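Coordinates in review
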Amino acid sequence: MHAVLALTARHLQEKLPSLSSPHYDYKVREAHHLQKSLSTFSPKFNTTIHEHQDAVLATSFLLFFHSCSVIPTTLPTCPCADPSFTFLRGIQSIVADGAHIAHSGRYSTLVEPRVPASVTLPRGCSSPAVHLMQRIYDLPLNSPYLKNIPIYTERVQTLAPHLSPLEQGEESEDLLLSVLRWQALCPHAFVDLINAHDHIALVILAHYYAAVKFIISRSPKKWWWLQKKPGRMVQVIADYVGPAWTGWMEWARGEDGVGEGKRWSGRGQMIVWAWGGLKVTSSMPPCE
Amino acid sequence: VPKWRDQVTTFTLPSISKASAEVADSEWQTGTAHKLPLPVTAAVQTLGIQMAPGMAEYDQVFDKQDVLLMLHFTSTTSTDLLGSPTLWAQDAMQLALQVRLVVPLHQNHTASILTIASTPS
């Protein structure tokens, strides 16, 4: 209940900022309920998670929505920290711990595996994912980033479908759930790189936020709790990595036309991405 | 009637409206209005949500303002989340009132969220 009330207090501040008064300060109310909901954390949880999995998932999602809606005005100590990231991964771990229960529960529609959107062939065989991998493989031989290439590759490969153009008729919510799943499934190794402020990992994360931003830009009146964060996170990451990484951040920052109708003209062809040698494999249709 | 209440269109539950009408402006101005009794149990029953036995203690935990937030959630906030609105307006509310919940978070995460909560916005 406290999570419900914290999120609602946040919603009222976003939508009706004039509603708050000294006696009805929704910011105070939000903080109160957030603290209450979080302070109920208990070691006993681990023994009751399966029994109350629906309630646990509902609360986790509510707190995820809330954390997505919070945009710090000042840079946090870790400039790329995003609490919603942790919540999503927490939800994933709950599902992994009790997959059968989760997939048969009330929230199964939100946690069941999603098939990523198909990758459509861009004209000229160009895509943000390909460009990203090309930059990674073009790193100098003495680059300290080389040892992490397998981690980068896995993350870019799995993100690639979400960087493809959107087809008419695709449900925005399905796309959003699908791309959120990418973040939820980030392996520990990648999270460690993020926490270590690894610049390439941050660039990949910025591409994820750009993909989310593009999806929600199709529905500007929906998902009030997520409208601001993706753009803000791209900006934060760009500021953090600095001008030396401008080329790497070009697509994520929208300087390559993302969200402006200048993306690929997909034709529905299925392709298989392969990163070895930086080329798309021959199993795809030939480029036009 | 305080100005803010004129702007609220989602709190349309008759019992809430009646209870609000009985509050004098001075009480709102002094900030004592939220302490007036407005049982959570009565509000959720009006919404058709069943509460588990023994949950009457919620009336002591949540005050009038919380009930208004709860009603806003069921009427408005729940319609713009992920999944079906009934997943939140009905299912989540029912779970909230039936389950003594502990939150599935690592303590480090808890600390980070609390930091966010205390950050001025």
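Residues numbered from 1 in each chain as written. Chains lettered and ligands numbered in written order. Predicted model: local features only at pLDDT ≥ 70, side-chain atom pairs only at ≥ 80, totals over all residues. Heavy atoms only, no water.

Scanning chain A from N- to C-terminus turns up 14 helices and zero strands. In sequence order, the secondary structure elements of chain A are arranged as α-α-α-α-α-α-α-α-α-α-α-α-α-α. When each of the 288 residues of chain A is scored for burial, the buried share is 54%. Contacts in chain A between residues at least 24 apart in sequence constitute 76% of all its contacts with a sequence separation of at least 6. Total accessible area on chain A is roughly 12,600 Å²; 55% of this is exposed by carbon and sulfur atoms. (Helix = DSSP H or I, 4+ residues; strand = E, 2+ residues; numbered from the N terminus. Buried < 20%, exposed > 50% of the residue type's maximum accessible area, 1.4 Å probe, protein only. Contact = heavy atoms within 4.5 Å. Areas by Shrake-Rupley, 256 points an atom, 1.4 Å probe, with all protein chains shown as cover.)

What follows concerns the packing of aromatic side chains. A complete count under the given rule lists twelve aromatic pairs over all chains for this structure. A centroid spacing of 5.4 Å and a plane angle of 75° characterise the contact between Phe 65 of chain A and Trp 88 of chain B, whose relative ring orientation is edge-to-face. One end of the pair, Phe 65 of chain A, is in helix α4 (residues 53-69); the other, Trp 88 of chain B, is in helix α7 (residues 85-98), on a second chain. The exposure class of Phe 65 of chain A is buried, given its relative accessible area of 0%. (Phe/Tyr/Trp six-rings, centres within 6.5 Å; stacked < 30°, edge-to-face > 60°.)

Residues and elements named next belong to chain A. Of all residues in chain A, 68% have pLDDT values of 70 or greater, and the mean over the chain is 75. Here helix α3 (residues 45-48) is the element of chain A with the lowest mean pLDDT, 56, and helix α14 (residues 246-249) is the one with the highest, 92. When the criterion is pLDDT under 50, residues 257-288 qualifies, and its contacts beyond four places in sequence or with other chains add up to 82 contacts. (pLDDT = per-residue confidence, 0-100.)

Our next topic: the pattern of salt bridges. For side chains bearing opposite charge, pairing can occur when the charged atoms are close. Residues and elements named next belong to chain A. By the definition in use, this model includes seven salt bridges over all chains. Notably, a salt bridge pairs Arg 106 with Asp 54, separated by 3.7 Å at the nearest N-O pair. Separated by 52 residues along the polypeptide, Arg 106 in the loop between α6 (99-104) and α7 (108-111) and Asp 54 in helix α4 bring together distant segments of the chain. Judged by relative accessible area, Arg 106 falls into the partly exposed class, the value being 33%. Residues joined in a network through salt bridges with shared partners are Arg 10, Glu 14, Glu 30 and Lys 228. (Salt bridge = Lys/Arg side-chain N within 4 Å of Asp/Glu carboxyl O.)

As a further point, take helix α5 (residues 83-97) of chain A. Under the 1.5 Å per step criterion, the end-to-end length of α5 of chain A is 21 Å for 15 residues, consistent within 8% with the ideal 21 Å. Along α5 of chain A, the residues classified as buried are Pro 83, Ser 84, Phe 85, Phe 87, Leu 88, Gly 90, Ile 91, Gln 92, Ile 94 and Val 95 of chain A. (Expected span 1.5 Å × (residues − 1).)

Turning our attention to the side chain of Asp 80 of chain B. Tracing the backbone through its elements, the reader meets Asp 80 of chain B in the loop between α6 (64-75) and α7. No salt bridge forms around the buried Asp 80 of chain B; measuring N to O, its nearest opposite-charge neighbour Lys 15 of chain A is 5.8 Å away. Setting aside residues up to four positions removed in sequence, Asp 80 of chain B forms contacts with Lys 221, Lys 222, Trp 223, Trp 224 and Trp 225 of chain A. (Lys, Arg positive; Asp, Glu negative; His and termini not counted.)

Moving on: the packing of helix α1 (residues 2-15) of chain A against α6 of chain B. A pair of packed helices is characterised by two quantities: the angle between their axes and the separation of those axes. Direction vectors running N to C along α1 of chain A and α6 of chain B enclose 80°, while the axes themselves pass 9 Å from each other. By the angle between their directions, the pair α1 of chain A and α6 of chain B is classed as roughly perpendicular. Where α1 of chain A approaches α6 of chain B, its residues Val 4, Leu 5, Leu 7, Thr 8, Ala 9, His 11 and Leu 12 of chain A are matched on the opposing element by Asp 66, Leu 69, Met 70, His 72 and Phe 73 of chain B. Of the residues belonging to the contact of α1 of chain A with α6 of chain B, the class tally is eight nonpolar, three polar and one charged. (Axes fitted to C-alpha atoms, helices over the stretch in contact; angles between N-to-C directions. Parallel < 35°, antiparallel > 145°, perpendicular 65-115°, else oblique. Nonpolar A, V, L, I, M, F, W, Y, C, P; charged D, E, K, R; others polar.)

The next thing to look at is the nonpolar core. Ranked by internal contacts, the top residues of the largest apolar core, which has 98 residues, are Phe 65, Leu 176, Tyr 208 and Trp 225 of chain A together with Trp 88 of chain B. When residues in this core are grouped by element, the largest group, 14 residues, is from helix α12 (residues 199-217) of chain A. Those residues in contact with Leu 176 of chain A that sit more than four places away from it in its chain are Val 212, Ile 215, Ile 216, Trp 223 and Leu 226 of chain A together with Leu 82 of chain B. (Core = buried A, V, L, I, M, F, W, Y, C linked by side-chain atoms within 4.5 Å.)

Further remarks concern the environment of Arg 106 of chain A. Note: C-alpha distance between Arg 106 of chain A and Ala 252 of chain A (146 residues apart in sequence) is 35 Å. What Arg 106 of chain A contacts, discounting residues up to four positions off in sequence, is Asp 54 of chain A together with Leu 87, Asp 91 and Leu 95 of chain B.

Below, the discussion takes up the environment of Ala 6 of chain A. For Ala 6 of chain A, the location among the structural elements is in helix α1. Excluding its chain neighbours within four sequence positions, the residues that come into contact with Ala 6 of chain A are Glu 30, His 33, Leu 34 and His 66 of chain A.

Time to look at the packing of helix α2 (residues 26-39) of chain A against α6 of chain B. Running from amino to carboxyl end, α2 of chain A crosses α6 of chain B at an angle of 90°, the nearest separation of the two axes being 12 Å. The orientation of α2 of chain A relative to α6 of chain B falls into the category roughly perpendicular. Across from Tyr 26, Arg 29 and His 33 of chain A in α2 of chain A, the residues of α6 of chain B making contact are Gln 65, Asp 66 and Leu 69 of chain B.

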